[in-house]
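Structure assessment
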Amino acid sequence: MPTFTCPLPLPTRERILLAHGGGGRLTNQLLEEIFLPAFANTALEARHDGALLSVGGARLAMTTDSYVVQPLVFPGGTIGDLAVNGTVNDLAMCGARPMALSAGFILEEGLAMDTLRQVVFSMRDAAMMAHVPIVTGDTKVVDKGKGDGIFINTSGIGVVVAPGPIGPQSVRAGDVVLVSGDLGAHGIAILSVREGLQFEGPMLSDTACLWPAVEALLSAGIEIHCLRDLTRGGLSSALNEIASAAGLHIMVQEALIPVSAVVRGACELLGLDPLYVANEGRFAVFIAEKDADRALTILRAQSVSAGAVQVGMVHERKSDRSSGIVTLRSRIGGHRVLDMMSGEQLPRIC
Amino acid sequence: MRYLDEYRDYDSVQRMAQEIRRVSNRPWTLMEVCGGQTHTIVKSGLQELLPASITLVHGPGCPVCVTPISMIDRAVATALLPEVILCSFGDMLRVPGSTQSLLDAKSLGADVRIVYSPLDALKLARSNPQREVVFFAVGFETTAPANAMTVWQACREKLSNLSMLVSHVLVPPAMEAVLSSPQCQVQGFLAAGHACMVTGYEEYFSISRRFRVPIVVTGFEPLDLLEGVLMLVRQLEHGCAEVANQYTRAVAREGNRAAQERVSEVFEVTDRAWRGIGEIAGSGLRLRETYRSFDAEAKFDLQLEDPTESPECIAGLVLQGLRRPYDCPAFGTRCTPDAPLGAPMVSSEGACAAYFHFGRSKDDADLYMPVAAANP
């Protein structure tokens, strides 16, 4: 037999890879090694979807997000819908009523005016639906080839209406994990256009404003422990961030996690895992088990969260050795760790 | 969903697992050959359902893992040529070469594109006549027909700007290599169903006879794998060593003749180096002389430095089922999917990555998957 050796090259991480923006492990590394040390302050270090600020006695939430999606127009929405809903949702995940948005556009020379109109009109409509005005903005144009049609940045401020703190620090063993609907539709809708895939049924992005669902829970007096929208990195990455920040064990049941047949089929074909696929109108909520039934009834009465279900529970860690962890009970009754996404999700060979 | 749900059904799976527990009396070490099977086993927590006496070891059937480092270096160097569009299946992109992966090359400006089929490369070549389109043709017998078809089609269309970097490997010689090792512990094989869909399984009869080892052609869903295990254990408990087919819904004994003909028209068998394992005679495919103008290696005559590999990682032993990923001192610390030291940490089919994603660390596995961890 030949001798056995194995490759051991030095890891090269002196350049930005696409995966640094993927919402997984490398994004976290970037935050921890570059941004957090540089900008250190308490609001930032909470690492929530938005920063919580006390201004003149008012509790405000502030957030910002940039949108670079291709294609600019996709089944079920445009980059404009995402730019409004994404930022509004980040505020909602802080338990904050969205009050105002800013919009910054980076346009590429040569962009069709009709495309810009379509995107801007979809922003207008999304903002109207969310009852939040776009109150300030900025426009820059870059040379052809230096942009990708349109990049949009939106920032938002909101007033925190949740009575208690919402975040991983409020999650307790015994809490239940609810998700607001079926997963993966946005990511697969985008991919279907990029890859030219055709499905039997319509495959539309789930982009939507989540505030009505959050508001309904808050006005019913449900004590929300944590909220997280399931964007980049999907359900797995969101749960891992929360488990790790809370130092707890989250266990989900594969059989309970809602994924539509179309998304499942597409993921099977493409070698993707729907638990890592991006959503733009879905969120997870952590509440005490005693509130679960009532919360589900309330969520199901809102169109944006009509498909809400319980998918798992929070437990104590089994040892001090293990940090926060997420495990999954598979459909066939086995168990595995549900890890944070590494790099980008790359399609498998066969 | 048809062809999926019935093979992941809780009750059927539990019944099959119970039958395996009933018939197994002695300890057995079985190898699932294909990385796709490893993926299912770890993802579904299937080992937990087996009796502790049955050990599954993970085979060399992960194309990403076994593509030699010299070939990765060549792909990176080719991708960095300004006229080249390099097309590859997605999970090859993160595989570390001597100094760089294709993703690193992409961040340096190389035009590297993920495709789902070699026919996408054909389309790219047609629509970019001024560019050189190179397809990185890796994989086992499963991916060979589509790659052969692409070259055949390009030849018919006289497309001169398409070429392939061929690093095809063949399953049976690798199984023989595993069995020939003096340290071999494998007592039965779950053979790779998808490769057999193309090749059939005639070739396995002589391997089974010569090495006195049972071989069961097996599918990729949890119920397939359990049925494959059951078929192996029944044989082993009765002292038999025969070839059997669990994956009858996809695999015929003679395979897919049309696909085989296209493959042998375009490719011929050659010796091939396997990453982490070394050169295995007659274990690869290369383009035949008639199609040599489509060979990217010849077309871009790049002089590359000798590849540098370090002896620290134990991927070669993992790929032969002699060690488990947890046995590696670098596992999960110096070697993770974000900074992979060896190729099996890259693809979700690679044994190390599968363990890392779905078991993360030995400690976590002991704590949260106690039954699985009880199996050495």
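Structure first, text after, so check above.
In this report, we go over the structure that sits alongside the text.

The rules behind these values
Residues numbered from 1 in each chain as written. Chains lettered and ligands numbered in written order. Predicted model: local features only at pLDDT ≥ 70, side-chain atom pairs only at ≥ 80, totals over all residues. Heavy atoms only, no water. Helix = DSSP H or I, 4+ residues; strand = E, 2+ residues; numbered from the N terminus. Buried < 20%, exposed > 50% of the residue type's maximum accessible area, 1.4 Å probe, protein only. Contact = heavy atoms within 4.5 Å. Pairing = 2+ DSSP bridges. Axes fitted to C-alpha atoms, helices over the stretch in contact; angles between N-to-C directions. Phe/Tyr/Trp six-rings, centres within 6.5 Å; stacked < 30°, edge-to-face > 60°. Lys NZ or Arg CZ within 6 Å of the ring centre and 35° of its normal. Core = buried A, V, L, I, M, F, W, Y, C linked by side-chain atoms within 4.5 Å. Domains from an automatic or database assignment. 1 Å grid on protein atoms, 1.4 Å probe; cavity = no way out; pocket = protein on both sides within 12 Å on 5 of 7 lines; lining within 4 Å. Points joined across faces, edges and corners; volume = space filled by probe spheres on them. Nonpolar A, V, L, I, M, F, W, Y, C, P; charged D, E, K, R; others polar. Disulfide = S-S within 2.5 Å. Salt bridge = Lys/Arg side-chain N within 4 Å of Asp/Glu carboxyl O.

Residue and element names in this part refer to chain A. Within the fold, Arg-294 resides in helix H9 (residues 292-300). For Arg-294, a relative accessible area of 42% corresponds to the partly exposed category. For Arg-294 and Gly-158, which are 136 residues apart along the polypeptide, the C-alpha to C-alpha distance reads 26 Å. Look past the residues within four positions of Arg-294 in its chain and what remains in contact with it is Ala-220, Gly-221 and Ile-222.

Bringing the sheet that holds strand S11 (residues 283-288) of chain A into the picture now. The strands that make up a sheet are held in pairs by hydrogen bonds between backbone atoms, and each pair lies either parallel or antiparallel. Residues and elements named next belong to chain A. Here we have seven strands laid out as an open sheet, ordered S9-S11-S8-S12-S10-S13-S14, and mixed in their pairing. For this open sheet the edge positions go to strand S9 (224-229) and strand S14 (335-337), each flanked by a neighbour on one side alone. Across the sheet, the mean angle from the axis of one strand to that of its neighbour is 25°, orientation sign disregarded. Summarising the sheet, strand S8 (residues 175-179) and strand S12 (residues 309-315) pair through four bridges and their orientation is antiparallel. Note that in S12 the partner of Val-179 across the bridge is Val-309. On top of the sheet, H9 reaches S8, S11 and S12; it is set at about 150° to S11, its chief contact.

Our focus in this paragraph is the packing of aromatic side chains. Counted according to the given criterion, the structure contains eight aromatic pairs over all chains. The interplanar angle of 20° and the centroid separation of 6.2 Å between the aromatic rings of Phe-35 of chain A and Phe-39 of chain A together place this pair among those described as stacked. Of this pair, Phe-35 of chain A and Phe-39 of chain A both sit in helix H1 (residues 25-39), four residues apart, roughly one helical turn. The class of Phe-35 of chain A is partly exposed, set by a relative accessible area of 37%. Residue Phe-39 of chain A is classed as exposed on the basis of its relative accessible area, which comes to 52%. Ring geometry for Tyr-326 of chain B and Phe-331 of chain B: centres 5.3 Å apart, planes at 85°, overall edge-to-face. For Phe-331 of chain B, a relative accessible area of 11% corresponds to the buried category. Taken together, the ring pairs connect Tyr-326, Phe-331, Tyr-355 and Phe-356 of chain B into an aromatic cluster. The side chain of Arg-249 of chain B reaches across the aromatic face of Tyr-7 of chain B, ending 3.6 Å from its centre.

Here we take up the nonpolar core. Core analysis: the largest hydrophobic core is formed by 60 residues, its most contacted members being Leu-102, Phe-136, Phe-189, Tyr-204, Ile-215, Val-217 and Trp-274 of chain B. If you tally residues by element for this core, the top one is helix H8 (residues 171-180) of chain B, at six residues. When residues are assigned to domains, this core turns out to be shared by domain 1 (1-298 + 305-312) and domain 2 (315-368) of chain B, each giving three or more. With residues near it in sequence (within four places) discarded, Phe-189 of chain B still touches Met-31, Val-33, Met-175, Val-178, Leu-179, Val-213, Pro-214, Ile-215, Val-216 and Leu-232 of chain B. In this structure, Met-93, Phe-105, Ile-152 and Ala-295 of chain A belong to the second largest nonpolar core, which totals 51 residues.

As a further point, take empty space enclosed by the protein. Residues and elements named next belong to chain B. Per the counting criterion, the structure on display carries five cavities of 30 Å³ or more. Roughly 80 Å³ of volume is contained in the second largest cavity. Lining the second largest cavity, in full, are Cys-313, Ile-314, Ala-315, Pro-325, Cys-328, Phe-331, Cys-335, Gly-342, Pro-344, Met-345 and Cys-352. Of the residues contributing to the lining of the second largest cavity, the split by class is 10 nonpolar, one polar and no charged.

According to the stated counting rule, one finds one disulfide over all chains in the structure shown. Here Cys-62 of chain B is linked by a disulfide to Cys-65 of chain B, with a sulfur-sulfur distance of 2.4 Å. The chirality of the disulfide connecting Cys-62 of chain B with Cys-65 of chain B is right-handed, given an S-S dihedral of about 70°. In terms of burial, Cys-62 of chain B and Cys-65 of chain B fall into one category: buried. Looking at the unpaired Cys-226 of chain A, the closest cysteine sulfur is the one in Cys-94 of chain A, lying at 10 Å. For Cys-226 of chain A, a relative accessible area of 0% puts it in the buried group. The thiol of Cys-328 of chain B is not disulfide-bonded; the next cysteine sulfur, from Cys-313 of chain B, is found 5.6 Å away.

All names here are of chain B. A complete count under the given rule lists 29 salt bridges over all chains for this structure. Between Asp-111 and Arg-131 there is a salt bridge, and its shortest N-O distance comes to 3.1 Å. Taken together, the residues Asp-111 in strand S4 (residues 111-114) and Arg-131 in the loop between helix H6 (118-127) and strand S5 (132-139) connect sequence positions 20 residues apart. Here Asp-111 and Arg-131 have matching classes, each one buried. For the salt bridge of Arg-126 with Glu-157, the shortest nitrogen-to-oxygen distance reads 2.7 Å. Here Arg-126 is found in helix H6, whereas its partner Glu-157 is found in the loop between helix H7 (144-156) and strand S6 (162-169), with 31 residues between them in sequence. Residues joined by salt bridges that share partners form a network here, namely Glu-268, Arg-286, Arg-288, Glu-289 and Arg-292.

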